[in-house]
Structures are given as C-alpha cells and as structure tokens.
Amino acid sequence: FVIWELRFRDPIFDLRLFKNLQFSNIIITRLIGFSVGGSLFFLMPFYLQLVKNFEPANVGLVLFPGALGMAFVSSLSGRISDKFGIKKFVVSGLVINVVCLFLISSFDSNTNIFFLMPVLLMNGCGMGLWATPNNTAAMNSVNQTSFSSVSAMLNLIRTVGMGSSLALSSAIVSSTMIANGFEPDFSRDMFSLEKIDVFLKGFRYSFITFSIIGFIPLILSLFSKELVRK
C-alpha cells in the first residue's frame, strides 16, 4: 500500500505529508488522544451495567453528560483557539483527560453517581477542548491544496484511535479475568461478586494504562510550535 500510494501525485492517502514533522506530531497526538479517550466509551457501559447494576436506558443517561460536554466545548474551542492560540487548548484538554482517566481508574462498586457523572462531564469537556484545535492545527500545518486529503485523514486517524482503544482495553480486562480463573464472559447473568471484583481489577489496570499512555500526546503537544491560522 505504501509503495503504491507513493507512485501517484494525488494518492488516496498522501504519505508524503508525514515528511512534515509538525504535521506528524499533530497526527500522532490525535491518534493517541482518541485512543486513550475511546477506552471510556467501551468499558464504562460494562461497568455501569455489571458493577453498578444500571439498566441500559439509565446507562445512556449517565453517559450523556460526557457527550454533551464534548459537543458544547468543541463548538467553542475551535473559534476561541483561533484568537488565543491552539497549543494551550490542546495541552489543557489533554491534561484534563489524563486526570479524568486516573480518577476513573479508582471507580468501584461504591462510587457515588454524583461523583461519577461530573468526572465523565469533565472528561468530555477535555476531549472537546483539544480535539477541534488539533483539527485546526493539522490544517494549518499543510498547504491548502492538501486540505481535502488531510480532512479525510483526520477522520481516519480518529477512527483508528478509537478502534485501537477498544482492542487494548478489552485485551487488558479479558486477560485479567482469565489470569484469575474466570471466563471473559460479559453477560449480566454470569457475573458473581467474585467476578465483579476481578472485572474491576482489569477495569482499573486498563484506565491506569491509558492514563500513562496519555502523557505521550501531552508531551508532544508541549514541545510543538504554535501554528497560526491560514
């Protein structure tokens, strides 16, 4: 695929863009940022249904503040970052996400819903704070002739990041359960108290892992240069 794409002047996936180190920095930040954030969307519904014993409809209501926070903040962060600078918004959003992942790793069967929902809201706001400015930074780092290709690439990177988080988080939780003598069966009627404890252990390992990985895009963003709007 790489060899084939490099043969054409207008490829589907323009790998020549990665010669630009600033663009590569932005794309890696986006990939890992969505990877660490995507783990929440996969594991949290299991936690709420299997550990907190919520019905699926109530799970949606609990998760809604996070989605609302991301939608609201992302609609503002793009415009405001054009005025005050992109870098500080990306760094601030990633810091919030890392902190939230550490907090989520401490969730257990006794976690109060009035603590849980604000953390999810804050995490959504953090993702909204960095994702849109990151998108703008990617556009600012290339020529206008590459805008359509980069726009498609940004969507692809987001999807790959979210998908990789599902694979890694499920692998961590499943391997933890297998190592403790339990089948990684997530059906509700198969969960005993002992299995819940083991699931929570894997849940904790997963979010600690992602919170540590979250320092990578944070460091990359700290050492990136500010980009002005074209």
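Our subject is the structure that appears above.
Just so it is clear, the structure is predicted and the values come from calculations on it, not from any experiment. (Residues numbered from 1 in each chain as written. Predicted model: local features only at pLDDT ≥ 70, side-chain atom pairs only at ≥ 80, totals over all residues. Heavy atoms only, no water.)

Draft legend 1. How the structure looks around the pattern of salt bridges. Applying the stated criterion to the full structure yields one salt bridge. As a salt-bridge pair, Arg 16 and Asp 14 come within 3.7 Å of each other at their nearest N and O atoms. Judged by relative accessible area, Asp 14 falls into the buried class, the value being 14%. (Salt bridge = Lys/Arg side-chain N within 4 Å of Asp/Glu carboxyl O. Buried < 20%, exposed > 50% of the residue type's maximum accessible area, 1.4 Å probe, protein only.)

Draft legend 2. Highlighting helix H5 (residues 113-140). Taking 1.5 Å per residue, 28 residues should reach 40 Å; H5 reaches 41 Å between its end C-alpha atoms and fits that length. The N-cap of H5, judged by a side-chain oxygen 2.7 Å from the amide nitrogen of Phe 114 a few residues on, is Asn 112. (Helix = DSSP H or I, 4+ residues; strand = E, 2+ residues; numbered from the N terminus. Expected span 1.5 Å × (residues − 1). Polar contact = N/O pair within 3.5 Å; in protein donor to acceptor, adjacent residues only side chain to side chain.)

Draft legend 3. Structural view of helix H4 (residues 86-104). Taking 1.5 Å as the rise per residue, H4 with 19 residues should run 27 Å; its terminal C-alpha atoms sit 27 Å apart, in good agreement. What H4 keeps buried is the set Ile 86, Phe 89, Val 90, Val 91, Gly 93, Leu 94, Asn 97, Val 98, Cys 100, Leu 101 and Ile 104. Residues of H4 that are buried sit in contact with helix H2 (21-51), helix H3 (56-84), H5, helix H7 (193-213) and helix H8 (215-222). (Contact = heavy atoms within 4.5 Å.)

Draft legend 4. Focus on the environment of Gly 85. One can find Gly 85 in the loop between H3 and H4. A C-alpha to C-alpha distance of 9.9 Å links Gly 85 and Ala 137, two positions 52 residues apart in sequence.

Draft legend 5. Structural detail: the side chain of Ser 149. Relative to the elements of secondary structure, Ser 149 occurs in helix H6 (residues 147-179). When near neighbours in sequence (up to four residues on either side) are disregarded, Ser 149 contacts Ile 12, Asp 14 and Leu 17.

Draft legend 6. The arrangement of the packing of aromatic side chains in detail. Scanning the entire structure with this criterion turns up nine aromatic pairs. Seen from their ring centres, Tyr 47 and Phe 203 are 5.1 Å apart, and the 20° between their planes marks the pair as stacked. Of this pair, Tyr 47 sits in helix H2 while Phe 203 sits in helix H7, and the two are 156 residues apart along the sequence. Grouping residues by exposure puts Tyr 47 and Phe 203 together as buried. Three or more aromatic residues joined by ring pairs make a cluster, and in this case those are Tyr 47, Phe 107, Phe 115, Phe 199, Phe 203 and Phe 207. (Phe/Tyr/Trp six-rings, centres within 6.5 Å; stacked < 30°, edge-to-face > 60°.)

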